[in-house]
Amino acid sequence: MTQEELDSLLSQDTSSIQADLAVKQENTKNEIKAEFIDPNTYKPEADKKWPPPPPTEEHKVVHQLDDVTKDSEVKMTEVFDQIDIIGSLVSKIEEDSKHIKEYIKSQEDMLVTLVESFPNIKAFATSLEQTKSVAKINEDIKNCAMDCNDACMQAMDIMQYQDIHRQKIERVINVMRALSQYMNSLFEGRGDDSKRVASATYIAGDDHDEVASETDIETLIASFGRK
């Protein structure tokens, strides 16, 4: 092997090593960049699937938002009705517990008198203890009813936020409708679109094989003259 062949072989090996090293460095940079990417500043590539879904009934955004606000108001009214029913039942429980308390109090007073008059009869003492226990249970029932009433009031306050959210959505709808009307007015033409001249689908300069021919362009220009 001559010196020139040896130098050529060494030169090729050096170029191959440098190329492999450059590829490895580039891959390392990409891995580091992907690992330390900032999610706050990262902007994914736009979806190439375009145009968006057609404006059918199921895809119209304002229609969907209108349905959300309408259903939200209906359901909120139903929830308020149920809470009102619960509140009415709780108030009835509180009122009934007062009558039960009065009755238990009268029974307790009578049993106290009987125990004092007949201390040797254990049945009176046992009934007195049972009556005091029932009085305590009745007091617990009244306290639970009061807690339920407070919970109903808090639930009504919480449901007010649902109404606020509905109002926010309605405001978004109004802004969207105002923008839609503005854009329609901005791009509105003076003439009827059906009377406009037809334009060529492809003209010279477009990246497509089916560009307009010279005849198509002359016909298009002549149609402007007739208008």
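Cut-off values and rules
- Residues numbered from 1 in each chain as written.
- Predicted model: local features only at pLDDT ≥ 70, side-chain atom pairs only at ≥ 80, totals over all residues.
- Heavy atoms only, no water.
- Patch = residues over 30% accessible without salt bridge, like charges linked within 9 Å, V, L, I, M, F, W, Y side chains within 5 Å.
- Areas by Shrake-Rupley, 256 points an atom, 1.4 Å probe, with all protein chains shown as cover.
- Salt bridge = Lys/Arg side-chain N within 4 Å of Asp/Glu carboxyl O.
- Helix = DSSP H or I, 4+ residues; strand = E, 2+ residues; numbered from the N terminus.
- Buried < 20%, exposed > 50% of the residue type's maximum accessible area, 1.4 Å probe, protein only.
- Contact = heavy atoms within 4.5 Å.
- Expected span 1.5 Å × (residues − 1).
- Axes fitted to C-alpha atoms, helices over the stretch in contact; angles between N-to-C directions.
- Parallel < 35°, antiparallel > 145°, perpendicular 65-115°, else oblique.
- Left-handed = near helix turned anticlockwise from the far one by under 90°.
- Nonpolar A, V, L, I, M, F, W, Y, C, P; charged D, E, K, R; others polar.

Some points on a nonpolar patch on the surface
Taken together, the side chains of Y182, M183, L186 and F187 define a hydrophobic patch exposed on the protein surface, amounting to about 460 Å² of accessible area. Structurally, L186 can be placed in helix α3 (residues 122-186). L186 gets classed as partly exposed once you look at its relative accessible area, which sits at 49%.

Points about the pattern of salt bridges
All chains considered together, the criterion is met by seven salt bridges. Of the charged contacts, one joins K92 and D96 as a salt bridge, the two residues approaching to 3.0 Å between their closest N and O atoms. Taken together, the residues span about one helical turn, with K92 and D96 both in helix α2 (residues 61-117) at a distance of four residues. Within the structure, one salt-bridge network assembled from shared partners comprises D163, R166 and E170.

Points about the side chain of N138
Relative to the helices and strands, N138 resides in helix α3. Once you skip the residues sitting within four places of it in the chain, N138 turns out to touch S97, I100, K101 and I104.

Concerning α2
With 57 residues, α2 extends 83 Å from end C-alpha to end C-alpha; this agrees with the ideal 84 Å at 1.5 Å per step. Buried within α2 are the following residues: V62, T69, S72, M76, I83, G87, V90, E94, S97, I104, E108 and L111. The inward-facing, buried residues of α2 contact α3.

Quick look at the environment of E102
Position of E102 relative to the elements: it lies in helix α2. Note on E102: relative accessible area 54%, which makes it exposed. When the C-alpha positions of E102 and A135 are compared, they lie 9.6 Å apart, and in sequence the two are 33 residues distant.

What about the packing of α2 against α3?
It is at 7 Å that the axes of α2 and α3 come closest, and there the two elements cross at 165°. Taken as axis vectors, α2 and α3 run roughly antiparallel relative to one another. As α2 runs across α3, the sense of the crossing is left-handed. Per-class residue counts for the contact of α2 with α3 are 33 nonpolar, 11 polar and 13 charged.

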